[in-house]
Amino acid sequence: MMSAIHQAGQLASDSRIAADLLSARLARIEAEDGALGAFTALLDLPTALRQLHQLQASGIGPLQGLPVGVKDIFDTADLPTRYGSALYSGGSDAEQTPRVDAAMVGAIRRAGGLVMGKTSTTEFAFLNPTRTLNPNAPGRTPGGSSAGSAAAVAAGLVPFAVGTQTGGSVVRPASYCGVTGFKPSFGLLPTPGIKCFSWSLDTVGLFAASVREVAWFADAVSGFALALGDAPAKKWRIGVPTAYPWGPVSPSAQLAMDTGVAALRSQGAEVTTITLPAWIKDIFEAQDVIQGFEVWRSMARDIDAHPQAFSPVLRDYLMASSSISAAAYEAAQQTAHAGRHACIDWFGQFDVLMTPSAPDEAPLGYASTGASTFNRAWTLLGLPCVNVAGAVGVTGSPMGLQIIGGPRADRQCLAAADVVEQALKARP
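Residues numbered from 1 in each chain as written. Predicted model: local features only at pLDDT ≥ 70, side-chain atom pairs only at ≥ 80, totals over all residues. Heavy atoms only, no water.

Chemist: Explain the overall build of the chain to me, using residue names and the numbers behind them.
Modeler: The helix and strand tally for the chain stands at 13 helices and 11 strands. In terms of its C-alpha atoms, the chain occupies a principal-axis envelope of roughly 55 × 55 × 40 Å. Sorting the 428 residues of the chain into buried and exposed places 58% on the buried side. Relative to all contacts within the chain whose residues are 6 or more apart in sequence, the contacts with residues 24 or more apart total 78%. As presented, the chain carries roughly 16200 Å² of accessible surface, and 55% of it is formed by carbon and sulfur atoms. (Helix = DSSP H or I, 4+ residues; strand = E, 2+ residues; numbered from the N terminus. Buried < 20%, exposed > 50% of the residue type's maximum accessible area, 1.4 Å probe, protein only. Contact = heavy atoms within 4.5 Å. Areas by Shrake-Rupley, 256 points an atom, 1.4 Å probe, with all protein chains shown as cover.)

Dropping the structure here:
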């Protein structure tokens, strides 16, 4: 399949084919997404073509009109925003369409991307599942909360999609659906104009079919030099933890890790087992406190006014979170600050970490979106993380490998993830 980077190059040299490709893409989405359920709203063809022509007339950016799916918690001035919530399900599309774009949506448009549609999200990006299916693991959840974004890319409906991660909502669905998911350093991509869940944790993330494509997409929309060129050969030092304070490694996760370690060593990488520092457990526990304290303040007014519009799982979580004290929150923030500082020296021992992206393959059925246990600590620390696809679990479903970079080392994290991806592809 042609990469999105190559396709953008073709469009740059012959913009006349863009309309035909866009028409074909939209027709495919309309034909296939009724069953998949990745999108909650789509541009119609006349509107999409008009926006494409406007992009071309205004000096199109590097994305060259390539379509992008955007999680339905981002405000979009031409598509309704409903946050996966019954609270916003009523009313017409016009009534639920914001007047202005979220900052991230504006960044996509300025880079020449065509925001094709809104992708499904769990309710307010928490745990209540969407109707989205997993195109690469039939009968298993696509994960959450960025379910639609991961599924849309996995099904080949769009080359790029945008999600968010507060615990594990980019890396986990990417693992389950077998695509690349990039959670950058905290704050690298803008959050104004999204429905806030936790202001200390919410992080905009990106999905694509490969590491090089997600790095190129990140470069285009962020203003940071993240695209991966032909870098000189480097002997990578990759740390692999021997155990985790949040629980044991499942057989599927262990199989994927063994596959990744063997592939890396066959390519000359130095893979070393490490013991996680004791403070990682404190970070893991602090994430839950910070998230709970902040989500109650983000959503208390909504649930006070409309309690019947909330699912039991979110309503119960908000009620439990309301009891978290300011003193507990402040202590958790101090733990987070100390951990972020400790990371600076800790990452001097290796270039990146490699862990499972999720506890296991995607759970069977659709009652759960899975657990974020392998992601929460790194999210609180604000570290860049990439899900690398290409490994599988014991049943043959996708099982991702998570590459974790040091503080603000986004490009190095992406480069190491590319090495892992290429090593997996090179296996006999």
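Chemist: Could you give me a rundown of unusual backbone geometry, with the residues and numbers involved?
Modeler: Look at the link from Gly144 to Ser145: it is a cis peptide, with omega at 5°. With respect to the helices and strands, Ser145 occurs in the loop between strand S3 (114–119) and helix H5 (147–154). The phi dihedral of Gln64 is positive, around 55°, even though this residue is not glycine. The topology assignment puts Gln64 in the loop between helix H3 (45–57) and strand S2 (67–71). In this structure, Arg408 is a non-glycine residue whose phi angle is positive, near 60°.

Chemist: Could you give an account of the pattern of salt bridges, with specific residues and numbers?
Modeler: This structure, assessed with the given rule, holds 11 salt bridges. Of the charged contacts in the structure, one is a salt bridge between Lys234 and Asp351, with a shortest N-O distance of 3.6 Å. Taken together, the residues span a long stretch of sequence, with Lys234 in the loop between helix H7 (211–222) and strand S7 (237–241) and Asp351 in the loop between helix H11 (326–346) and strand S9 (352–356) at a distance of 117 residues. The partly exposed category is assigned to Lys234, whose relative accessible area is 43%. A salt bridge links Asp351 to Arg237; the shortest N-O distance between them is 3.4 Å. Highlighted residues: Asp351 in the loop between H11 and S9 and Arg237 in strand S7, separated in sequence by 114 residues. What emerges from the salt-bridge pattern is a single network uniting Asp78, Asp101 and Arg109. (Salt bridge = Lys/Arg side-chain N within 4 Å of Asp/Glu carboxyl O.)

Chemist: Mind laying out the pairing of strand S11 (residues 401–405), listing which residues take part and the relevant values?
Modeler: In terms of residue burial, S11 counts as a mostly covered element, since five of its five residues are buried. Direction of pairing for S9 relative to S11: antiparallel, over a ladder of five bridges. Bridging from a neighbouring strand, Met354 pairs with Ile403 of S11. (Pairing = 2+ DSSP bridges.)

Chemist: Describe the packing of aromatic side chains, listing the residues and the values that go with them.
Modeler: Under the definition given, this model contains 18 aromatic pairs. When the ring of Tyr88 is compared with that of Phe124, the centres are 6.2 Å apart and the planes differ by 85°; the resulting orientation is edge-to-face. Here Tyr88, found in the loop between S2 and helix H4 (103–110), pairs with Phe124, found in the loop between S3 and H5; they are 36 residues apart in sequence, far enough to count as distant. Judged by its relative accessible area of 21%, Tyr88 is partly exposed. On the numbers, 4.4 Å between centres and 20° between planes, the contact of Phe160 with Phe217 is stacked. Linking Phe160 in strand S4 (residues 160–165) with Phe217 in helix H7, this pair joins segments that are 57 residues apart in sequence. In this structure Phe160 comes out as buried when scored by relative accessible area, which is 0%. (Phe/Tyr/Trp six-rings, centres within 6.5 Å; stacked < 30°, edge-to-face > 60°.)

Everything listed is a geometric property; what it means functionally is a separate question.
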